[in-house]
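What follows is the residue order along each chain.
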Amino acid sequence: MPPRSTPTARQRRLGSELRRLREESGTSVRHAAGLLGVDRTRIPNIESGQTEAHARAVFGVADPPLAEPELQDRLVLRMARRQVFARERPPLYEAVVHEAALRMRFGGPGVVREQLEHVLAQSERERTTILVIPFSAGGFPGSGQSFTYAAAALSRLDTVQLDSSHGSALIDSGPTLTRYRGLLERLRALALPEAASRDFIRTVVRDL
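Procedures and definitions
Residues numbered from 1 in each chain as written. Predicted model: local features only at pLDDT ≥ 70, side-chain atom pairs only at ≥ 80, totals over all residues. Heavy atoms only, no water. Helix = DSSP H or I, 4+ residues; strand = E, 2+ residues; numbered from the N terminus. Polar contact = N/O pair within 3.5 Å; in protein donor to acceptor, adjacent residues only side chain to side chain. Contact = heavy atoms within 4.5 Å. Core = buried A, V, L, I, M, F, W, Y, C linked by side-chain atoms within 4.5 Å. Buried < 20%, exposed > 50% of the residue type's maximum accessible area, 1.4 Å probe, protein only. Expected span 1.5 Å × (residues − 1). Salt bridge = Lys/Arg side-chain N within 4 Å of Asp/Glu carboxyl O. Arc of directions from axis to C-beta.

Visitor: Please provide a residue-by-residue account of the side chain of Arg198, values included.
Guide: Relative to the helices and strands, Arg198 resides in helix α9 (residues 194-207). At a separation of 2.9 Å, a polar atom in the side chain of Arg198 contacts the main-chain carbonyl oxygen of Ser123. Discounting residues that sit within four places of it in the chain, Arg198 has contacts with Leu120, Ser123 and Glu124.

Visitor: Could you give an account of the nonpolar core, naming the residues involved and the relevant values?
Guide: The biggest cluster of nonpolar side chains holds 14 residues, and the ones touching the most others in it are Phe147, Tyr149, Val160, Leu162, Tyr180 and Leu187. Those elements that provide at least two residues to this core are β2 (128-133), β3 (146-150), β4 (159-164) and α8 (174-190). Element by element, the count of residues in this core is highest for α8, at 5 residues. Not counting residues up to four positions away in its chain, the partners in contact with Phe147 are Val160, Gln161, Leu162, Tyr180, Leu183, Leu184 and Leu187. Ranked by size, the runner-up nonpolar core spans 12 residues in total, among them Leu116, Val119, Val132 and Val204.

Visitor: Describe helix α7 (residues 109-123), naming the residues involved and giving the relevant values.
Guide: The terminal C-alpha atoms of α7, which comprises 15 residues, lie 21 Å apart, in line with the 21 Å expected from a rise of 1.5 Å per residue. With 11 of its 15 residues buried, α7 lies for the most part within the structure. Val111, Val112, Gln115, Leu116, Glu117, His118, Val119, Leu120, Ala121, Gln122 and Ser123 are the residues of α7 that are buried.

Visitor: Hey, could you go over the pattern of salt bridges for me, with residue numbers and the actual values?
Guide: A full pass over the atoms with the stated rule returns 7 salt bridges. With its nearest N and O atoms 2.7 Å apart, the salt bridge here joins Glu99 to Arg103. Of the two residues, Glu99 and Arg103 are both situated in helix α6 (residues 99-103); the distance of 4 residues between them amounts to about one turn of the helix. For Glu99, a relative accessible area of 7% corresponds to the buried category. Note on Arg103: relative accessible area 32%, which makes it partly exposed. One continuous salt-bridge network, built from bridges that share partners, spans Glu94, Glu185 and Arg188.

Visitor: Now, about α8: what can you tell me, with residues and values included?
Guide: Taking 1.5 Å per residue, 17 residues should reach 24 Å; α8 reaches 25 Å between its end C-alpha atoms and fits that length. Among the residues of α8, Thr176, Leu177, Tyr180, Leu183, Leu184 and Leu187 are the ones counted as buried. Viewed end-on, α8 has its buried residues packed into an arc of 120°, placing them on one side of the element. Exposed and oriented more than 90 degrees from the buried face of α8 are Pro175, Arg179 and Ala189.

Visitor: Got a sec to walk through the side chain of Ser197? Specific residues and values, please.
Guide: Here Ser197 shows up in helix α9. Looking at Ser197, its side chain comes within polar contact range of the main-chain nitrogen of Val132, at 2.9 Å. With residues near it in sequence (within four places) discarded, Ser197 still touches Ile130, Leu131, Val132 and Leu192.

Visitor: Please give an account of the environment of Val96 that cites residues and values.
Guide: With respect to the element layout, Val96 can be found in strand β1 (residues 93-98). The class for Val96 is partly exposed, based on a relative accessible area of 24%. Val96 sits 92 residues away from Arg188 along the chain, and the two C-alpha atoms are 6.9 Å apart. In contact with Val96, not counting residues within four places along its chain, are Leu131, Ile133, Leu187, Arg188 and Ala191.

Everything listed here is a matter of geometry and, on its own, says nothing about what the molecule does.
Spelled out as structure tokens, the structure:
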């Protein structure tokens with residue numbers, strides 16, 4: 001029988017408990033993987049599963065509402081997109097997240113908890129960095145906007161993906177890319193350091 005593509009509620013609870021016990025023992029993802037004789041990418045997958053419930057909750061508030069076939073297509077794409085991080089050598093990935101995004105309760109506290117636990121697990125990967133901008137940082141350019149900056153081997157091939165209520169847009173013009181590179185640097189400067197960001201996310205989870 002093939003493995004489930006989406007973990008059950010019992011599996012998610014078990015994963016959360018395994019992660020809690022690992023953290024309380026002071027065992028890193030790398031060390032746990034070595035003890036079990038598995039690749040380090042398996043540990044976050046075991047502990048966190050897929051957060052399909054959170055993605056469904058986010059897509060569920062689209063305006064106008066998405067038809068079920070389109071919603072399913074987006075869920076399949078979102079879940080498949082994560083597989084890139086399961087590679088033996090995944091790409092370098094850095095996320096700068098505002099505190100407001102962490103505290104939005106799409107799907108309710110339980111769903112949000114699973115999502116944030118997944119974010120924490122991902123933050124322990126060697127090639128992944130997650131930084132948090134707290135409310136105390138105040139206002140800044142680009143606040144309220146979500147974008148992905150995909151850096152290529154040649155900077156002229158970089159691409160920015162903008163997410164909006166109308167869908168996604170891709171930008172690759174030189175002057176615009178320069179502006180977004182500058183914006184990304186300003187966001188990094190406002191964010192907490194990596195370890196402090198991880199502790200901040202744990203605080204948000206405890207507040208749920």
